[in-house]
Structures are given as C-alpha cells and as structure tokens.
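So the chains spell out like this:
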Amino acid sequence: MRLFVGIPLTAAVIEELSAISMRLQSQADGLRWSAPESWHITLQFLGNTQQYECIVNRLRELRLPALPIQLEGLGFFDRAGVFFAGVNLTPKLEALQQRVTAATGLCGFIPE
C-alpha cells in the first residue's frame, strides 16, 4: 500500500486554488489535474508499506490544535506533471512535521 501523511486544506484555500488551476488548464497541457477534494499538504511520504495499522495507531496519539498555513508560490513538478502550491514552513508547521516523523519512526520509517 502506497502511503503518505498529509493534512487537508480549508475550503477557502481549495476554492482559491481551484480558480487558479481552472485558468491554467488546457486540453493540450498533457497534465493530470486531480480533484480539489484530494488536495493536501504532504508532511511525510511513506511509499509502499504494509505498516498501515502501526502508522494509524501512532498518528492517532498526536493531539495538536489547528495551525495556520501560508501558501506561497505556484509551480509544476515537471517529471510527474503535477501542479503544486508552495507552503511557508513556519515553526509550528515544522514542529508538526517533526512530530509526525517521530511517530512514524516508531513504525520503522526513517525521514529522508
């Protein structure tokens, strides 16, 4: 099973990014445009793994309040043909990512 740990975007951010992506899309762009409801901020990519139960159990132990996210810059991962919005790495977001990687580390994942 191919897994990653991510956090969802707010409805307002999805609406704004949807409007931008609609302006950028064309029939001939050759890109895969994913559905807005699948958009997220990736905190850790885990890849192919059978450790689903361990990961879920460890992540459920994390109890953190919501945090503000600031998007910055738009671009494409050319090789994958994926549109992305950059994220400002604030101390709170970095702390969240560190807690996630510590939790998944208990399941054998080493952050890259």
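Everything in this summary refers to the structure shown in the same document.

Scoring rules and cut-offs
Sequence order sets the numbering: in each chain, residues are counted from 1 along the sequence as written. Only residues with pLDDT of 70 or above have their local features reported here, since the model is predicted, and side-chain atom pairs are shown and tallied only from 80 upward, although totals for entire chains, interfaces and linings are computed over all residues. Hydrogens and water molecules were not included; the side-chain quantities draw on all heavy atoms of the structure. Helix numbers and strand numbers start at the N terminus; a helix is a DSSP run of H or I with at least 4 residues, a strand a run of E with at least 2. Type-normalised accessible area, obtained with a 1.4 Å probe on protein chains alone, sets the label of each residue: buried when under 20%, exposed when over 50%, and partly exposed for intermediate values. Contact definition: two residues touch when any of their heavy atoms are within 4.5 Å. In these tables, accessible area is a Shrake-Rupley quantity obtained with a 1.4 Å probe, and a residue counts as shielded only by the protein chains included in the view. His is not counted, nor are the chain ends, whereas Lys and Arg count as positive and Asp and Glu as negative. The location of each charge is read from NZ of Lys, CZ of Arg, CG of Asp or CD of Glu. Note that a disulfide, as used here, is simply two cysteine sulfur atoms within 2.5 Å. Given the number of residues in a helix, its expected span is that number minus one, multiplied by 1.5 Å.

## Focus: the overall build of the chain
Inference 1: The helix and strand inventory of the chain stands at 3 helices and 4 strands.
Inference 2: Counting from the amino terminus, the chain carries its helices and strands in the arrangement β-α-β-α-β-β-α.
Inference 3: Structurally, the chain occupies a C-alpha span of about 45 × 30 × 20 Å along its principal axes.
Inference 4: When the 112 residues of the chain are sorted by exposure, 29% land in the buried category.
Inference 5: Sequence separation of at least 24 residues holds for 71% of the intrachain contacts in the chain that already meet a minimum separation of 6.
Inference 6: Counting only carbon and sulfur atoms, one obtains 55% of the accessible surface of the chain, whose full area is about 8,200 Å².
Inference 7: Charge-centre separation for the chain: the mean point of 9 positive side chains lies 7 Å from the mean point of 10 negative side chains.

## A few points about the state of the cysteines
Inference 1: Applying the stated rule across the entire model yields 1 disulfide.
Inference 2: A sulfur-sulfur distance of 2.1 Å marks the disulfide that ties Cys54 to Cys107. Disulfide Cys54 to Cys107: torsion about the S-S bond roughly -90°, handedness left-handed. Linking Cys54 in helix H2 (residues 52-60) with Cys107 in the segment after helix H3 (91-105), this pair joins segments that are 53 residues apart in sequence.
Inference 3: When its relative accessible area of 11% is taken as the criterion, Cys107 is described as buried.

## Considerations on helix H1 (residues 11-24)
Inference 1: Relative to the 20 Å expected for 14 residues at 1.5 Å per residue, H1 spans 20 Å between its end C-alpha atoms, a close match to the ideal helical length.
Inference 2: All of the buried residues along H1 are Ile14, Leu17, Ser18, Ile20 and Ser21.
Inference 3: Buried positions along H1 lie against strand E3 (71-77) and strand E4 (82-87).

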